[in-house]
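This is what each chain is made of:
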Amino acid sequence: MKTIIAEKPSVAREIAGLLGASEKRDGYLTGNGYFVTWAFGHLIGLGMPEDYGISGFDKATLPILPNPFLLTVRKVKKDKGYTADAGALKQLKVIKELFNKSDSIIVATDAGREGELIFRYIYEYLKCNKPFERLWISSLTEKAIKQGFENLKNGKEFDGLYQAAQGRSRADWLVGINATQALSIAAGNGIYSLGRVQTPTLVLICKRYLENKNFSVKKYWQIQLLHNKAQVDFKSISVTKWDEKHLADDTLKAIQRSEIATVTSVETKSVTEQPPLLFDLTGLQKEANKRLKLSAEATLNIAQSLYEKKFITYPRTGSKYIPEDMWAEIPNLVRALQNREDCKQALAKIKWGRFNKRIVNDLRVTDHHGLLITDKVPSVLNADEDKIYNMIALRLLEALSQACVKEITDVSLQVLHYDFTAKGCKIQEAGWRSIKGSFTDDGEEPVQELPELNKGDELKIKEAAVLEKQTKPPVLYTEAGLLSAMETAGKEIENEEERKALKNIGIGTPATRAAIIETLFTRNYVQRDKRSLIPTEKGLQVYGLVKERKIADVAMTAEWELALQKIENNEADAGTFQKEMETYAKSITDELLQTSIANTNQPKLTCPKCKSQQLIIRDKIVKCSDEACNWVQFRTVCGVQISIENIVSLINKGKTDLIKGMTSKAGKKFDAYIVLKENAETSFEFEKNKSNKRNGK
């Protein structure tokens, strides 16, 4: 007998159906010489400090450097402690029995770093020594699974992948546990969670937010002219930017008297825009955030669902290319789209026999190739799945199309002694841009089409106007912008040599970036303001504490990702990496324990209930220091975090400022003051004119 272990029950059922293992049992399927079972994601993980006999946060125990690392069954939070997950224990017992009854194992967890770790941690925890082979597939179609079983690989071939996964797992533990405990001890005021990847990511958000907030906006004025030639209207803009409006107004009067603009030069050049490559996961997440306002995590979940329904290939890919041996499959995928209404218009623009082979590159394919549709085309999907599927399908059609060729014309004009410019664009060959009919990129203004112009032409000025403009601050990060910054962490690195070395290495991996962003929300470090990501008061406080520290260093995090890639490719030693991580954990622990946290920043407030004890201010609650008094005020009220200033106002004046955008239990938005009643309880007070309206007065 052979045991096949998948990552999820749904994948196990697909495989079992193909292999004829149709007999259902508790926790597995069987038949035709196979047991087919599953994990539920990470059943086994690294033990917590308590598993090493270390409880609470104690300076004397830091840094914690496990030797050896302990593996434990997944735990769930209960009351004040953690206990083993009953579902995980039950499934683990099933897996152990099946492994014992089998001659060998076939690993069918997701073909990537985390999928490998899920199996290996189970295998190691159960002290199993049965031989195992690896099913390595990029799609869950029947054809792909059958081909995968015909080409099973020796499990030992993936030792590098496992060592990289284990290295990542241990590095996150060493840095996360030690840094969190060290800073929390130094602060003595709540828990400050830090992490190998989450902290540099938080630093990116805070840095950009502060640059935006502290940016000094300056106004300036330009003059715009409207011309006409050969019945074509077009505009030009002044090269000069005036800092004072009256100077622009004076110039405008002189120009209006002149009435004529003279063409001083015309430069035309042909620009070729190559089609985009296939989506990798980060590319798909960025596009979905821009166009559909979906979070990175939501996009990953939708893509995973499409993968499990066999409509797309494996989504957690970091590649935008396909290998040469897949090129023959591409025409079949394009033909399959003929049955999909949403793609018919785009398919009519595809030039059969002239497919662009730019996406073929064996050297640029990582664990998995770029995102593709499969030959199984969906007929019914939910709205978001439909949109994500169309994105992937249309991107394939764009990638296979020819380049777009544009003619760009730059014109210089002069009125009196003032210089003006006009820019024009003419599409000569639409190429890939015809697939969606979009000829400009996001954020670009469509460029006007110009009539034929020649040096020396004199153009009548139909209209002239002064435009008020202003300098723009660095834009706040959206999730799409943050994913780009994480992907190109090298650009944030100031040292030129380091930047070159880390050119294509980001922070996090395509598979983990969504989870990192969600962690920042969970930790209450970051919140959404419409589409922008902005740090909370707590996030800015953490940034202030760590911004000069090693743990905030984007370059270092990117270097670790590079080291993990080398381990995966058997080019570096995992043991050396772990020793480096232990040295690093020790140095950041020492560094953070010496952090001086000015508690003087926290206002001293007296409890409104007992009127004798001082209040303790945490990021989630404000409470009396006397347990017997037990007065508490939560910092988040109806979905809005209450600032320190408003807490001070509530305690000292009995009332906050007007708090906007709170959400009632019925899901309705409202604005109100929080007021302190005589018994020290709080309630809402509405604006007088609003409450009068509510009361029908």
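Read on for an overview of the structure.

**As for the overall build of the chain**
- When helices and strands are tallied, the chain shows 20 helices and 28 strands.
- For the chain, the spread of C-alpha atoms along the principal axes amounts to about 95 × 80 × 60 Å.
- Looking at the chain as a whole, 48% of its 697 residues are labelled buried.
- Taking as baseline every contact in the chain between residues at least 6 positions apart, the subset at least 24 positions apart corresponds to 71%.
- Accessible surface for the chain amounts to roughly 35,100 Å². Of this, 47% is attributable to carbon and sulfur atoms.
- On the chain, the mean spot of the 104 positive side-chain charges and the mean spot of the 91 negative ones are 5 Å from each other.

**A closer look at the sheet that holds strand β1 (residues 2–6)**
- The strand order β2-β3-β4-β1-β9-β10-β11 describes an open sheet built from seven strands, whose pairing is mixed. Looking at which strands have only one partner, the edges of the open sheet turn out to be β2 (23–25) and β11 (153–154).
- Direction of pairing for strand β9 (residues 104–108) relative to strand β10 (residues 132–134): parallel, over a ladder of three bridges. Bridge pairing in β10 links Val-107 to Arg-134.

**Here we look at the pairing of strand β20 (residues 532–535)**
- Neither face of β20 is open: one carries Ser-532 and Ile-534, the other Leu-533 and Pro-535, and all of them are buried.
- Where strand β19 (residues 526–529) lies against β20, four bridges are found, and the strand directions are antiparallel. Among the inter-strand pairings, Gln-527 is bridged to a residue of β20, identified as Ile-534.

**Quick look at the environment of Val-76**
- Structurally, Val-76 is set in strand β7 (residues 75–78).
- For the pair Val-76 and Ser-238, spaced 162 residues apart in sequence, the C-alpha separation works out to 65 Å.
- Sequence-distant contacts of Val-76, defined by excluding residues within four places in its chain, comprise Gly-81, Tyr-82, Thr-83 and Asp-85.

**With respect to the packing of helix α5 (residues 159–187) against helix α17 (residues 554–568)**
- Contact geometry for α5 and α17: axes closest at 7 Å, N-to-C directions at 150°. As the angle between them shows, α5 and α17 are arranged roughly antiparallel. Here Gly-160, Leu-161, Gln-163, Ala-164, Gly-167, Arg-168 and Val-175 of α5 lie close against α17, whose contacting residues are Trp-560, Leu-564, Ile-567 and Glu-568.

**Overview of the sheet that holds strand β28 (residues 682–685)**
- If you trace the three strands from one edge of the open sheet to the other, you get β26-β27-β28, paired in antiparallel fashion. Taken across any chain shown, the strands that pair with only one partner, and hence form the sheet edges, are β26 (659–663) and β28. The sheet shows a mean angle of 60° between the axes of neighbouring strands, taken without regard to direction.
- Two elements, β26 and strand β27 (residues 669–676), share three bridges in a ladder whose sense is antiparallel. Bridging from a neighbouring strand, Ile-659 pairs with Ala-672 of β27.

**Overview of helix α15 (residues 513–522)**
- For α15, a buried count of seven out of 10 residues is recorded, marking the element as mostly surrounded by other parts of the structure.
- For α15, every residue scored as buried is listed here: Arg-513, Ala-514, Ile-516, Ile-517, Glu-518, Leu-520 and Phe-521.
- Looking at the buried residues of α15, the elements they touch are α6 (198–213), α8 (281–292), α9 (296–308), α13 (479–487), β19 and β20.
- Count one or two residues on from α15 and you reach Asn-524, which has phi positive near 65°.

**Digging into the nonpolar core**
- Counting residues in each nonpolar core, the largest one holds 82 residues, and the members touching the most others are Phe-99, Ile-122 and Val-546.
- Apart from residues no more than four positions distant in its own chain, Ile-122 is found in contact with Ile-5, Ala-39, Leu-43, Ile-44, Leu-92, Ile-95 and Phe-99.
- The next biggest cluster of nonpolar side chains, apart from the first, holds 62 residues, and it includes Ala-16, Tyr-314, Ile-350 and Leu-400.

**Let's talk about unusual backbone geometry**
- Following Leu-62, the chain continues to Pro-63 via a peptide bond in cis, the omega torsion being -5°.
- In this fold, Pro-63 is placed in the loop between β5 (44–46) and β6 (71–73).
- Note that the residue after Asn-67, namely Pro-68, is joined by a cis bond; omega there is 0°.
- Note that Pro-68 resides in the loop between β5 and β6.
- One non-glycine residue, Asn-32, adopts positive backbone phi at about 60°.
- With respect to the element layout, Asn-32 can be found in the loop between β3 (28–31) and β4 (34–38).
- Residue Asn-32 is classed as exposed on the basis of its relative accessible area, which comes to 60%.
- Backbone geometry at Lys-127 places phi at a positive 50°, although glycine is not the residue there.
- When you line up the elements, Lys-127 lands in the loop between α3 (113–125) and β10.
- Note on Lys-127: relative accessible area 74%, which makes it exposed.

Conventions we followed
- Residue numbers restart at each chain and count upward from 1, following the sequence in its written direction.
- Given that this is a predicted model, residues contribute local features only at a pLDDT of at least 70 and side-chain atom pairs are listed and counted only at 80 or more, while totals for whole chains, interfaces and linings are drawn from all residues.
- Hydrogens and water molecules were not included; the side-chain quantities draw on all heavy atoms of the structure.
- Helix and strand labels come from DSSP, where a helix needs a run of H or I of at least four residues and a strand needs a run of E of at least two; each type is numbered from the N terminus.
- Buried means the residue's accessible area, taken with a 1.4 Å probe over protein chains only, is under 20% of the maximum for its type, while exposed means over 50%, and partly exposed covers the values in between.
- Note on contacts: a residue pair is in contact if any heavy atoms of the two residues lie within 4.5 Å.
- Using a 1.4 Å probe, accessible areas were evaluated by the Shrake-Rupley method; residue-level cover was limited to the displayed protein chains.
- Counted as positive: Lys and Arg. Counted as negative: Asp and Glu. His and the chain ends are not counted at all.
- Charge positions are represented by NZ for Lys, CZ for Arg, CG for Asp and CD for Glu.
- Pairing between strands requires that DSSP locate at least two bridges from one strand to the other.
- Helix axes are fitted to C-alpha atoms over the stretch in contact, other axes to C-alpha atoms as well, and angles between N-to-C directions run from 0 to 180 degrees.
- Our angle categories are set so that under 35 degrees counts as roughly parallel, over 145 as roughly antiparallel, 65 to 115 as roughly perpendicular, and the remainder as oblique.
- Nonpolar cores were defined as sets of buried Ala, Val, Leu, Ile, Met, Phe, Trp, Tyr and Cys residues, with membership established by side-chain atoms within 4.5 Å.

In short, the description is geometric, and any link to function would need to be established separately.
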